[in-house]
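# Coordinate inspection notes
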Amino acid sequence: VAATVLVVEDERKLRELVRSYLERAGFTVLSTGSGAEALTLAGSAAPDLVILDLGLPDVAGETVARELRAAGGPPILMLTAKVTEEDRIAGLQLGADDYVTKPFSPRELALRVQAVLRRGAAPGAGTAATSPPLRSGCIEVDVAARLAWRAGRELTLTVREFDLLAFFMSHPGQAFTRAELMKRVWGWSFGDQSTVTVHVRRLRDKLEEDPASPLLLRTVRGIGYCWDGGPPTAVISNP
Ligand code: CA
């Protein structure tokens, strides 16, 4: 069954270009130029992924993203003309899974869509779906069930946040650069590394006692990040 992609973009030419390219790549495509209609369609048609332009005439793309995320909606790939790293980080913090900066090539967009969908369907990168639950410090992860707990309380994580956490917990004590994480968790050998920064920040907010002084997901100066929650222990049953 072909995945359904909802394209939300008010520039008609661009919308049609994206639509025709994704259709040629085998996707079922719904499209709209309205943020309000996008929210309705997301509810009624249950797309597998939403491509969302931030600059919409009726409802701000940021608001659409926030509402989709609050409703537990599908992954969001943002289209943005904004170019500074801070702007992009702000967009990602609204709940986008990934983003593409305009102008983009249709091929790049299709690759990103496929990467996001693959990620959604697959178990955590670099870990086996059959592996037993992992415990490290106060964090526990069941990769096969895609569930995570902190001190026995279930965590609400996005697909990427879960993948990143599972990856770190499967590689304790190893430092990874943002480029390595991008490649091994996102499956990209290209793209902006601020995506990694944002996801690390969000994970810390959910995992750390004090996100400003992280003890589990440490920054390794000049390199990147390292999971330091202690060695993983396989656990037999979950709380
Ligand atoms: Ca626009």
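Use the structure listed above.
First, a word on scope: everything that follows refers to the structure included in this document. Quick caveat: nothing in here was measured; it's all calculated off a predicted structure.

On a plain count of helices and strands, the protein comes out with eight helices and 13 strands. Taken across its 239 residues, the protein has 48% of its residues classed as buried. Of the contacts made within the protein by residues no fewer than 6 positions apart, 59% connect residues no fewer than 24 positions apart. Of the roughly 10900 Å² of accessible surface on the protein, 53% is carried by carbon and sulfur atoms.

Looking now at the coordination of the calcium ion. Of the protein atoms, only D10 (OD), D53 (OD) and G55 (O) coordinate the calcium ion, at distances of 2.2 to 2.3 Å. With relative accessibility at 3%, the residue D53 sits in the buried group. For G55, a relative accessible area of 45% translates into the label partly exposed.

On to the pattern of salt bridges, then. Inspection of the entire model under this criterion finds eleven salt bridges. When the shortest N-O distance is used, the salt bridge between E9 and K102 registers 3.1 Å. Here E9 is found in the loop between strand 1 (4-8) and helix 1 (12-24), whereas its partner K102 is found in the loop between strand 5 (98-101) and helix 5 (106-121), with 93 residues between them in sequence. Take E9: its relative accessible area is 1%, and that puts it in the buried class. In this structure, R19 engages E23 in a salt bridge whose closest nitrogen and oxygen atoms are separated by 2.8 Å. Here the residue R19 and the residue E23 both occupy positions in helix 1, the gap between them amounting to four residues, near one helical turn. Judged by its relative accessible area of 22%, R19 is partly exposed.

In terms of nonpolar packing, the biggest core is built from 29 residues, with V141, L165, L181 and W227 touching the most fellow members. Looking at this core, the elements with two or more residues in it are strand 7 (139-142), helix 6 (159-170), helix 7 (178-186), helix 8 (194-207) and strand 12 (224-227). Per-element accounting of this core gives the leading share, seven residues, to helix 6. Contact partners of L165, with chain neighbours within four places excluded, come to I139, V141, A148, L157, L203, L207 and W227. In this structure, L6, L54, I89 and A96 belong to the second largest nonpolar core, which totals 20 residues.

What counts and how
Residues numbered from 1 in each chain as written. Predicted model: local features only at pLDDT ≥ 70, side-chain atom pairs only at ≥ 80, totals over all residues. Heavy atoms only, no water. Helix = DSSP H or I, 4+ residues; strand = E, 2+ residues; numbered from the N terminus. Buried < 20%, exposed > 50% of the residue type's maximum accessible area, 1.4 Å probe, protein only. Contact = heavy atoms within 4.5 Å. Areas by Shrake-Rupley, 256 points an atom, 1.4 Å probe, with all protein chains shown as cover. Donors = N, O, S within 2.8 Å, 3.2 Å for Na, K, Ca; no water. Salt bridge = Lys/Arg side-chain N within 4 Å of Asp/Glu carboxyl O. Core = buried A, V, L, I, M, F, W, Y, C linked by side-chain atoms within 4.5 Å.

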